[in-house]
Amino acid sequence: MAIATINPTTGETLKTFEPLTDTDIETKLAQAQKAFEQYRKTEITQKSVWLQAAAEILERDKENLGKLITLEMGKPLKGAIAEIEKCASGCRYYAEHAAELLADVPVSTDASHSFIRYQPLGVILAVMPWNFPFWQVFRFAAPALMAGNVGILKHASNVPQCALAIEEVIHQAGFPPSVFQTLLVGSERVADLIADHRVKAATLTGSEAAGASLASSAGKQIKKTVLELGGSDPFIVMPSADLNAAVATAVTARMLNNGQSCIAAKRFIVVDEIADEFEKQLLEKFQSLKIGDPMLPDIDLGPLATPGILKDLDYQVQESVKHGAKLITGGQPLLDRPGNFYPPTILTDIPPGTPAEQEEFFGPVALLFRVADIDAAIIAANVTPFGLGASAWTTNEQERDRLISEIEAGAVFINGLVKSDPRLPFGGIKRSGYGRELSSQGIHEFVNVKTVWVK
Ligand code: NAP
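Residues numbered from 1 in each chain as written. Predicted model: local features only at pLDDT ≥ 70, side-chain atom pairs only at ≥ 80, totals over all residues. Heavy atoms only, no water.

Peer 1: An account of the nonpolar core is needed here, citing residue identities and associated values.
Peer 2: Among the nonpolar cores identified, the biggest contains 120 residues, and Leu58 and Phe134 are the most heavily contacted of them. The leading source of residues in this core is helix 4 (residues 77–102), at 13 residues. For this core, the two domains that each supply at least three residues are domain 1 (3–229 + 432–454) and domain 2 (233–421). Once residues lying within four places of it in the same chain are set aside, the contact partners of leucine 58 are Leu65, Ile84, Cys87, Ala88, Cys91, Phe134, Phe138 and Val169. (Core = buried A, V, L, I, M, F, W, Y, C linked by side-chain atoms within 4.5 Å. Buried < 20%, exposed > 50% of the residue type's maximum accessible area, 1.4 Å probe, protein only. Helix = DSSP H or I, 4+ residues; strand = E, 2+ residues; numbered from the N terminus. Domains from an automatic or database assignment. Contact = heavy atoms within 4.5 Å.)

Set out below in structure tokens:
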């Protein structure tokens, strides 16, 4: 895949980049290792000052950085600016809390003095996706840098300017050179990077195939990985729920980021007695969404990020329809304009075993399932191989407790939109990956948890 900015709204190639050579990569890895040896000794208060400065730069430049996101991957500009603001808040969270999260933890034992000390591992490789091109990187970088690690970023090939801008923000903030570096390389370089003796661990956010490939390379080298992979999150609506609020959130949850979010609600599981009304309201709202140039302020839905994503989504919808799913609205790429546009789409009457039941749909397609009761809802929620997030709507306490304990997912949100928050851990189970980002769990993923025993 070429490393290039290709505007998804027009299909125009705006800028291409030469991938780094073997010599360039070697230089950057050597610089990263050298930087680590000094950086690991830096006081945490100093790192905090730099991370606060990064937050300020992000806030200051949010309009321009937001435009860069929209230009490269097509999300509506207001969402892109909100993403930059979120990065600033993630930086502030770790600037303020890292000292407490990384402090020695005393433990009473038979020693005169024993405790846990958290120490950095070294150079960490981050392989990142294009869908939240800033947030995915900052939610790795902020805790990793505070813990004393240094980062090398292999970003998705379609967001090279975002990748370079992130490196620039971190440098401008005052972090020493080479503490965080962008490597413009294709995915075929990842196995060699993880095999390099200077790289101590890796994190990947992306597809199952990419995650499995990175984890097997890392496994051969006995190196730790964190994987944040795909999801097909259920959105369960029980009859006791506030239906209007549920439908309004359902639309946001499915359409956010042009439908390309790992934690987007993808499967809407609705109990029979309210399913007609839910479908009617969802259809009305989907049909009122404004599709167009994501740089314009009133646009709800921009293009998909690449022609490949459009092609895959189209195939999944067509296959599901061929095997008996019913199309309520949408269902065909918008070929009357340039770019990768796909309309809001609803599929229902989805037979078992079809892509719509089992796979992740990365675009504005809602998959609607009618179920008899809460038992059927929980079975339907757990039927996919994924386990990232889940949103469930009910005002009944017993139902709430069952949904919280029986849904197989890394997060359950009751009466709300699944979202990431620096204060809460984020990650999945099953084929959605392993490990956690954010919160105290996130900062402890890439540290040596050292046991100290003194007599
Ligand atoms: P992708 O193709 O897996 O790309 C993600 C990153 O992995 C890119 O940097 C890509 O580089 C690299 N990559 C691709 N194949 C690789 C391989 N064999 N070995 C090593 N690296 C490889 O993912 P995508 O389709 O662009 O992104 C969408 C997926 O990411 C969805 O499944 C979505 O749910 C998931 N996602 C998960 C989360 C989460 O937090 N759980 C968040 C966002 C997205 P190139 O661009 O150079 O190919």
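Peer 1: Describe the state of the cysteines, with residues and values.
Peer 2: The tally for this structure, following the rule as stated, stands at zero disulfides. Summary of cysteine pairing: cysteine 87 is not part of a disulfide, and the nearest cysteine sulfur, belonging to cysteine 91, is at 6.8 Å. The exposure class of cysteine 87 is buried, given its relative accessible area of 0%. (Disulfide = S-S within 2.5 Å.)

Peer 1: Give me the lowdown on the sheet that holds strand 9 (residues 224–228), citing residues and values where you can.
Peer 2: The sheet built from six strands is open, its strands ordered 7-6-5-8-9-19 with mixed pairing. Of all the strands in the sheet, the pair left with one neighbour each is strand 7 (180–182) and strand 19 (433–434). In this structure, strand 5 (residues 123–127) lies alongside strand 8 (residues 199–205), joined through five bridges in parallel fashion. Each bridged residue has a counterpart across the sheet, and for valine 127 the counterpart in strand 8 is leucine 204. Along the sheet, helix 1 (residues 22–39) makes contact with strand 5, strand 6 (150–154), strand 7 and strand 8, crossing strand 6 at roughly 155°. (Pairing = 2+ DSSP bridges. Axes fitted to C-alpha atoms, helices over the stretch in contact; angles between N-to-C directions.)

Peer 1: I'd like a description of empty space enclosed by the protein, backed by residues and values.
Peer 2: Following the criterion strictly, the structure yields four cavities of 30 Å³ or more and no others. Considering only enclosed or pocket space, the largest cavity measures out at about 100 Å³ in volume. When residues of the lining of the largest cavity are traced back to their parent elements, those giving at least two are helix 5 (135–146) and helix 15 (439–443). Looking at the lining of the largest cavity element by element, the count peaks at four residues for helix 5. (1 Å grid on protein atoms, 1.4 Å probe; cavity = no way out; pocket = protein on both sides within 12 Å on 5 of 7 lines; lining within 4 Å. Points joined across faces, edges and corners; volume = space filled by probe spheres on them.)

Peer 1: Please provide a residue-by-residue account of helix 8 (residues 208–220), values included.
Peer 2: The terminal C-alpha atoms of helix 8 lie 18 Å apart, and with 13 residues this matches the ideal 18 Å at 1.5 Å per residue to within 8%. Where helix 8 is concerned, the buried positions are Gly211, Leu214, Ser217 and Ala218. Buried residues of helix 8, seen end-on, are gathered within an arc of 135° and therefore sit on one face of the element. Helix 8 presents Ala209 and Lys220 as exposed residues on the side facing more than 90 degrees away from its buried surface. Looking at the buried residues of helix 8, the elements they touch are strand 5, helix 7 (190–195), strand 8 and strand 9. (Expected span 1.5 Å × (residues − 1). Arc of directions from axis to C-beta.)

Peer 1: So what's going on with the site of the ligand? Which residues, and what values?
Peer 2: Close contacts around the ligand come from 27 residues, with Trp130, Ser157, Ser207, Leu229 and Glu360 the closest. In this structure, an oxygen atom belonging to the ligand sits 2.8 Å away from a main-chain N or O atom of methionine 128. Within the contact set of the ligand, an oxygen atom lies 2.5 Å away from a side-chain nitrogen or oxygen of serine 207. Here the ligand loses 86% of its free accessible area of 910 Å² to cover by the protein chains. (Near = heavy atom within 4 Å. Polar contact = N/O pair within 3.5 Å; in protein donor to acceptor, adjacent residues only side chain to side chain. Areas by Shrake-Rupley, 256 points an atom, 1.4 Å probe, with all protein chains shown as cover.)

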